[in-house]
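Listed below, chain by chain, are the residues.
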Amino acid sequence: MSQTQREHWGSTWGFIMAAAGSAIGLGNIWRFPYITGMNGGGAFVLVYLGCMLLIGLPVMLAEFAMGRASQSDPIGAFQYFQKGSEIIGKCFAGVGILLAALIAVFSSNYGLAAVVALIALAVYRWGFTVVGFFCSLVAMLILSYYAVIGGWTLLYTYDAFAGNLNFANHDEAGKMFGQMAANGWLCTLGMVLYIGICAFVCYAGVKKGVELASKLLMPILFLLIVVLVLRAVTLPGAGKGISFFLKPDFSKISEKSILDALGHAFYSLSLGMGILITYGSYLPRNRNILSASVSIAFFDTLLAMLAGLAIFPAVFAMNMSPAQGPSLIFQILPITFNAIPGSLGWLWNGVFFVLLAIAALTSGISLLECAVATAMQHLKISRQKAVIVLSLVIGAFALLSCWSVADWSCFPQLEKMFKGLFGSVKGNFLDELDYICSSWILPLDGLLIAIFAGWVLGVGKCARELYRRGDAEPLTLSCSGNCRSKLNMQLSVKAWSLFVRFVAPLLTLLTFLYAVGVVKF
Ligand code: PHE
């Protein structure tokens, strides 16, 4: 699709808000505070910041550069650049087969070994285009279960304002959550509503839909979190929570924490799914990718930190346990907010769940948009048709996650298949899918994107795209004209190249091998 036909963001701010909307999601508000608590508080935050800067940001730049240069969806972006890279693709396929053998031997996880071998064979046959295809596929898969959790946030928002979250202890909270999750019809309603809102926004287009919604919703989200932080840190006894979250305890940092931090940085920035390739492709050529990316990573981290500052002080002040994992946001927090003196529990709960719903919605919109861009380009259908068809397909698939939470034994064949393939089942279809997507496929996709950008596309081409201003031929990096700024540029390109070519692939590979049990600590 040519530059003139493709819809573009109206402003850099709109682009930053849309990408930050994708990045800021349940991962920031629930997962980050929770894994931080488990990994030594402030010390983990420092490791996480390092991972963001040294690995997350370089891979993010690579995705944006690929998207903007190709002005294409993930599949199109890989197609655009892959000419001449056939040999690298074939070598890479060989490495993939080796990896599959390693997984089979060391972890006896034959299902995974077969999946990796299949991907390697597909790369051998079709080249790196396959990676683009996987990106869009994974975006759809993730949306199918993210929509169920998104649906819960909508249902809880309603319950908060209706005053139904007025439980006082953990048992009552657990009962209420259990009843909701076990009610397949209610969860289906929430999920359909969630996908419906995402579809409505994507249907309206890039500028009038995704950009407008992000520009409206993201400031509201920041405002709400600041209100919650102010409430939480002024509670008597909040200090313990603040120091739990922020005081570094380096003795709790292990190799595992570093890989946890890296995995979370990928998840949190929405890397490895082609979302940023898609959003980059809506960027006109005269926008500065570098500074926009730094702002996006900054907002993402800021919100995660604010979420920690809103959650832990309140949890500690009310003498609740912070290490509750998944139940923290749906069970412990409502009890915590109810216990705040002043009988405004429903209001604090309401504010929190609106916040959570907004965060979940803007991430869902980006997942759907990535799939829509791919369908529009490769099935040659209109945006409207793509949105309707994909929402229906994803919604139908989401029923599996939705009803498996209600009762996994609804799908005895599926349960048996998972047991056969992976040895054990984690809980239900939603948990399985989340585990496969975030622990296996995302690091693998991230690894492939880093390798593609660093080795196939080449650092020079990528860097020229990052520094491009306008339609003119991108500047050269050799030293003529303003030597000082060129020297700075050369230095930062060298640093970026080091991380995207060596550090990011090595560490993402390690994260993946650790997740699948080949590497153990
Ligand atoms: N980045 C989102 C979060 O932190 C999660 C997400 C992953 C969103 C993948 C879109 C795609 O919650």
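Residues numbered from 1 in each chain as written. Predicted model: local features only at pLDDT ≥ 70, side-chain atom pairs only at ≥ 80, totals over all residues. Heavy atoms only, no water.

1. Concerning the pattern of salt bridges
Phase 1: Within the structure shown, the criterion is met by 4 salt bridges.
Phase 2: We note a salt bridge from E211 to K215, for which the minimum N-O separation is 3.7 Å. Taken together, the residues span about one helical turn, with E211 and K215 both in helix α10 (residues 206-233) at a distance of 4 residues.
Phase 3: According to the relative accessible area criterion, E211 is buried, its value standing at 2%.
Phase 4: Of the residues examined, K215 reaches a relative accessible area of 33% and is grouped as partly exposed. (Salt bridge = Lys/Arg side-chain N within 4 Å of Asp/Glu carboxyl O. Helix = DSSP H or I, 4+ residues; strand = E, 2+ residues; numbered from the N terminus. Buried < 20%, exposed > 50% of the residue type's maximum accessible area, 1.4 Å probe, protein only.)

2. What to know about the confidence of the model for the protein chain
Phase 1: Looking at the protein chain as a whole, the pLDDT averages 86, with 92% of positions reaching at least 70.
Phase 2: No element of the protein chain has a lower mean pLDDT than helix α18 (residues 412-422), at 69, and none a higher one than helix α9 (residues 184-203), at 97.
Phase 3: Predicted confidence is poor over residues 475-479, with pLDDT under 50, and the contacts of this stretch with residues over four places away or in other chains come to 12 contacts. (pLDDT = per-residue confidence, 0-100. Contact = heavy atoms within 4.5 Å.)

3. Observations regarding helix α16 (residues 345-378)
Phase 1: With 34 residues, α16 should reach 50 Å at 1.5 Å per residue; the first-to-last C-alpha distance of 50 Å fits that figure.
Phase 2: The buried fraction of α16 amounts to 29 of the 34 residues, a majority that puts the element mostly inside the structure.
Phase 3: Taken from the residues just after α16, K380 is the one with a positive phi, measuring 50°. (Expected span 1.5 Å × (residues − 1).)

4. Here's the deal with the layout of surface pockets
Phase 1: Each pocket or cavity is described by its volume, and for the largest pocket that value is around 1200 Å³.
Phase 2: Elements with a contribution of two residues or more to the lining of the largest pocket: α2 (26-38), α7 (129-161), α12 (255-268), α15 (327-339), α19 (429-467) and α20 (483-515).
Phase 3: Here the residues of the lining of the largest pocket are counted per class, giving 24 nonpolar, 11 polar and 6 charged. (1 Å grid on protein atoms, 1.4 Å probe; cavity = no way out; pocket = protein on both sides within 12 Å on 5 of 7 lines; lining within 4 Å. Points joined across faces, edges and corners; volume = space filled by probe spheres on them. Nonpolar A, V, L, I, M, F, W, Y, C, P; charged D, E, K, R; others polar.)

5. A word on helix α5 (residues 86-107)
Phase 1: Counted at 1.5 Å a residue, the expected span for α5 with its 22 residues is 32 Å, and the 31 Å between its end C-alpha atoms agrees.
Phase 2: Of all the positions in α5, only G89, F92, A93, G96, L99, A100 and I103 are classed as buried. End-on, the buried residues of α5 take up no more than an arc of 120°, which puts them together on one face. Exposed positions of α5 whose direction lies more than 90 degrees from the buried face are I87, L98 and V105.
Phase 3: A positive backbone phi angle near 50° is found at S108, which sits one or two residues after α5. (Arc of directions from axis to C-beta.)

6. Points about the side chain of S281
Phase 1: Looking at where S281 falls in the secondary structure, it is placed in helix α13 (residues 275-281).
Phase 2: With a relative accessible area of 0%, S281 lands in the buried category.
Phase 3: Among the polar contacts made by the side chain of S281, one reaches the side chain of R6 at a distance of 3.0 Å.
Phase 4: A polar side-chain atom of S281 sits 2.6 Å from the main-chain carbonyl oxygen of T278.
Phase 5: With sequence-adjacent residues up to four places away left out, S281 is seen in contact with R6, H8, G67, R68, Q71 and S72. (Polar contact = N/O pair within 3.5 Å; in protein donor to acceptor, adjacent residues only side chain to side chain.)

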